[in-house]
Amino acid sequence: LNPHFMFNATNSIRALVDENPEKAKVGITKLSNLLRSTLIAGKKDLLPFEDELDIVKDYLDLEKIRFEERLNFSFDIEPELLKRNFPPLLLQTIVENAVKHGISSLSKGGRVFISANMVENNMIIRVLNSGKYNPDKRSKSTAIGIENSIKRLQIMFGDQAHLKIGNHAGEVRTTITLPLNE
């Protein structure tokens, strides 16, 4: 997890302690779950896709505390993909970039939409987010994170897996393609 995210999440939760103690407790629980999950996931080569989605949901719930109505997110996941193996923290990295470089830079905020579908013998995950993808203006850490994700997919799946990022219909679209080998 990005250190800036940790700083922002703890500050957002701290701000809630007096204002809304129940919401602060939920935030602390989500942060604790996220930390535990990322520590466990980071030690595995693959994990069930539903576990990765739980990490992403906790992350987005924490960012929602900070951005409030400026961040909206939704999912459309084919249930049969939930038990499929998935590279840990791959989707979380993409979603974190979507919030950091898309939503946070927009004064009105925006949305993150995550879908997962089976197409032929592939798992296709799409992350759509408000904003504009400009590869020439990416931060060094974002470029390294994306490059590492691409290399990791190549090591794990060869040329059967792909990660592509680009602009589509006024939003940023990231597509992850993974083989569904039985």
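Before reading further, recall that the structure is shown in the block above.
Throughout this document, residue positions are counted from 1 along each chain, in the order its sequence is written. Owing to the predicted nature of the model, reporting of local features is limited to residues with pLDDT of at least 70; listing and counting of side-chain atom pairs is limited to 80 or more, with chain, interface and lining totals taken over all residues. Computation of side-chain values covers all heavy atoms of the structure but excludes hydrogens and water.

A. Fine view of the packing of aromatic side chains. In this analysis, rings of Phe, Tyr and Trp, with Trp reduced to its six-membered ring, are considered paired at centre separations within 6.5 Å, and the interplanar angle assigns stacked below 30 degrees, edge-to-face beyond 60, and tilted for intermediate values. Taken as a whole and assessed by the stated rule, the structure comprises two aromatic pairs. Here the aromatic rings of Phe-49 and Phe-86 are separated by 4.9 Å at their centres, their planes lie at 55°, and the arrangement is tilted. One end of the pair, Phe-49, is in helix H3 (residues 49-67); the other, Phe-86, is in strand E3 (residues 85-86), with 37 residues separating them in the sequence. Per residue, the accessibility class of Phe-49 equals that of Phe-86, and both read buried. Here the aromatic rings of Phe-73 and Phe-75 are separated by 6.2 Å at their centres, their planes lie at 80°, and the arrangement is edge-to-face. Each helix is a run of H or I in the DSSP string that is no shorter than four residues. Each strand is a run of E no shorter than two, and both are numbered from the N terminus. For every residue, the accessible area (1.4 Å probe, protein chains only) is compared with the maximum for its type, and the residue is labelled buried under 20%, exposed over 50%, or partly exposed between those bounds.

B. The packing of helix H2 (residues 21-41) against H3, seen in detail. One can describe the packing of H2 onto H3 by two numbers: an axis separation of 9 Å at closest approach and a directional angle of 145°. Seen from above, H2 lies across H3 with left-handed handedness. Residues Gly-27, Lys-30, Leu-31, Asn-33, Leu-34, Ser-37, Thr-38 and Ala-41 of H2 pack against Ile-55, Asp-58, Tyr-59, Asp-61, Leu-62 and Ile-65 of H3. For the contact of H2 with H3, the class distribution of residues is seven nonpolar, four polar and three charged. Working convention: axes come from line fits to C-alpha atoms, limited for helices to the stretch in contact. Angles between N-to-C directions cover 0 to 180 degrees. For a crossing to be left-handed, the near helix must be turned anticlockwise from the far one by less than a right angle; the clockwise case is right-handed. In what follows, residue pairs with any heavy atoms lying within 4.5 Å of each other are defined as contacts. Charged means Asp, Glu, Lys or Arg here, nonpolar means Ala, Val, Leu, Ile, Met, Phe, Trp, Tyr, Cys or Pro, and polar covers whatever is left, Gly included.

C. Spatial organisation of the sheet that holds strand E7 (residues 171-179). Should DSSP find at least two bridges between two strands, the strands are regarded as paired. Across the sheet, five strands lie side by side as E2-E4-E5-E7-E6; this open sheet has mixed pairing. In this open sheet, the two edge strands, each paired with only one partner strand, are strand E2 (71-77) and strand E6 (162-168). The average undirected angle you get between the axes of adjacent strands in this sheet is 15°. By the bridge criterion, seven bridges tie E2 to strand E4 (residues 110-119) in an arrangement that is parallel. The residue of E4 that forms the bridge with Phe-73 is Val-112. Sheet strands in contact with H3 are E2, E4 and strand E5 (122-130), and its direction is about 165° off that of E2.

D. Structural detail: the pairing of E4. Judged from the eight bridges that link them, E4 and E5 form a sheet pairing that is antiparallel. Looking across to E5, one finds that Ser-115 is bridged to Arg-126. Between E4 and E5, which pair antiparallel one after the other, the connecting turn spans two residues, and Glu-120 there sits at a positive phi close to 55°.

E. Just helix H4 (residues 90-101), in detail. An ideal rise of 1.5 Å per residue puts 16 Å on twelve residues; H4 measures up with 17 Å between its terminal C-alpha atoms. Counting buried positions along H4 yields nine of twelve residues, so the element is predominantly enclosed. All of the buried residues along H4 are Leu-90, Leu-91, Gln-92, Ile-94, Val-95, Glu-96, Asn-97, Ala-98 and Val-99. Under the convention used throughout, the expected extent of a helix is 1.5 Å for every residue step, that is, one less than its residue count.

F. Representation of the nonpolar core. If you look at the biggest cluster of nonpolar residues, it comprises 44 residues, and the most contacted ones within it are Phe-49, Leu-91, Val-95, Val-112, Ile-114, Ile-125 and Leu-178. With nine residues, H3 is the single largest residue contributor to this core. In contact with Ile-125, other than residues within four places in its own chain, are Phe-49, Phe-86, Leu-91, Ile-114, Ser-115, Ala-116, Thr-174, Thr-175, Ile-176 and Leu-178. Within this scheme, the nonpolar core is defined by two criteria: the residues are buried Ala, Val, Leu, Ile, Met, Phe, Trp, Tyr or Cys, and they are joined through side-chain atoms within 4.5 Å.

G. Structural context of a nonpolar patch on the surface. Exposure above 30% relative accessible area and no salt bridge define the residues that can form patches, which grow by joining like charges within 9 Å and nonpolar side chains of Val, Leu, Ile, Met, Phe, Trp and Tyr within 5 Å. Accessible surface area values rest on a Shrake-Rupley calculation with a 1.4 Å probe, where residue burial reflects the displayed protein chains alone. Salt bridges are identified by distance alone: a Lys or Arg side-chain nitrogen within 4 Å of an Asp or Glu carboxyl oxygen. Residues Leu-46, Ile-155 and Met-156 make up a contiguous nonpolar surface patch of roughly 280 Å² in combined accessible area. Position of Met-156 among the secondary structure elements: in helix H5 (residues 140-157).

H. Up close: the pattern of salt bridges. Tallied over the entire structure, the rule returns six salt bridges. For Glu-22, the salt bridge identified is with Lys-25, shortest N-O distance 3.4 Å. Separated by three residues within a single helix, Glu-22 and Lys-25 lie in helix H2, roughly one turn from each other. One exposure class covers both Glu-22 and Lys-25, and it is exposed. Across the pair Arg-111 and Glu-171 runs a salt bridge whose closest N-O atoms are separated by 2.8 Å. Note that Arg-111 is positioned in strand E4 and Glu-171 in strand E7, a separation of 60 residues in sequence.

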